[in-house]
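One-letter residues, chain by chain:
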Amino acid sequence: MRVTSMVAGLAIVLAACGGEKKPENQTTAAPEQPAAAPAAAPAAGGGANHDVTMTLTGSTYKFDPSDLTIKAGDKITFHNKTGGPHNVSFWADSIPAGAADVLKKNMPDQMAPLEGPLLTEPEGTYVVSFAGAPTGEYKFYCLPHLALGMHGKITVQ
Ligand SMILES: [Cu+2]
């Protein structure tokens, strides 16, 4: 009788200990990794990524696409392809109210407010997050090639 109750007590203790452990081995279900997508940056932060190239084709400097629609929370990866250095600058008077403060936080290494750094490296990239960005139209340009018509528009929905 005594032995039985001791065993029963032990079982309860063990059960209690086991109950404290929360399942931490949920990493066994590996997240899907796109194996063959070198250009697609992992979507850290949850938003989708959009790729925009910066090129010189013939005598035309351009962002491609130069007109794109994204969702708030998405990000854009600008790729320096040809004709650089290029950069990404936003016109302070051609973005929605409140957007400047968001972009100033979300644009790394600004040369001046809303002015991204010059990308001199071939295949260099510059990522602008639109996390917390107000909806509306954002007009942007490449500082070195503005006079040559290198600009574009982002619509955040
Ligand atoms: Cu440019």
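This text follows the structure it describes.
Residues numbered from 1 in each chain as written. Predicted model: local features only at pLDDT ≥ 70, side-chain atom pairs only at ≥ 80, totals over all residues. Heavy atoms only, no water.

Per the counting criterion, the structure on display carries two salt bridges. A salt bridge links Glu123 to Lys81, with the nearest nitrogen and oxygen atoms 2.8 Å apart. In this pair, Glu123 sits in the loop between α2 (99–106) and β6 (125–129) while Lys81 sits in the loop between β4 (75–80) and β5 (89–90), placing the two residues 42 residues apart along the sequence. Glu137 serves as the salt-bridge partner of Lys153, at 3.5 Å between the closest nitrogen and oxygen. Here Glu137 lies in strand β7 (residues 136–141) and Lys153 lies in strand β8 (residues 151–156), a separation of 16 residues in the sequence. When its relative accessible area of 40% is taken as the criterion, Glu137 is described as partly exposed. (Salt bridge = Lys/Arg side-chain N within 4 Å of Asp/Glu carboxyl O. Helix = DSSP H or I, 4+ residues; strand = E, 2+ residues; numbered from the N terminus. Buried < 20%, exposed > 50% of the residue type's maximum accessible area, 1.4 Å probe, protein only.)

Let us now look at the pairing of strand β3 (residues 67–70). Burial of β3 is one-sided: the residues Leu68 and Ile70 facing one way are buried, the residues Asp67 and Thr69 facing the other way are not. Pairing of β3 with β8 involves four bridges; the strand directions are parallel. Bridge pairing links Ile70 to Val156 in β8. (Pairing = 2+ DSSP bridges.)

Okay, the nonpolar core next. Among the nonpolar cores identified, the biggest contains 27 residues, and Phe63, Phe78, Phe90, Leu103, Phe130, Tyr138 and Ile154 are the most heavily contacted of them. Taken together, the elements giving at least two residues each to this core come down to β1 (49–57), β2 (60–64), β3, β4, α2, β6, β7 and β8. Setting aside chain neighbours within four positions, we find Ile154 in contact with Leu68, Ile70, Ile76, Phe90, Phe130, Gly136, Glu137, Tyr138 and Phe140. (Core = buried A, V, L, I, M, F, W, Y, C linked by side-chain atoms within 4.5 Å. Contact = heavy atoms within 4.5 Å.)

So, about the packing of aromatic side chains. This structure, assessed with the given rule, holds eight aromatic pairs. Judged by centre distance (4.7 Å) and plane angle (70°), the ring pair of Phe63 and Phe140 falls under edge-to-face. Linking Phe63 in strand β2 with Phe140 in strand β7, this pair joins segments that are 77 residues apart in sequence. Judged by relative accessible area, which is 0%, Phe140 ranks as buried. Seen in terms of ring centroids, Phe90 and Phe140 are 6.0 Å apart; in terms of plane orientation they differ by 50°. Their pairing is tilted. Here Phe90 is found in strand β5, whereas its partner Phe140 is found in strand β7, with 50 residues between them in sequence. Judged by relative accessible area, which is 3%, Phe90 ranks as buried. Ring pairing ties together the aromatic residues Phe63, Phe78, Phe90, Phe130, Tyr138 and Phe140, which thus form one cluster. (Phe/Tyr/Trp six-rings, centres within 6.5 Å; stacked < 30°, edge-to-face > 60°.)

Purely geometric numbers; function is a separate question.
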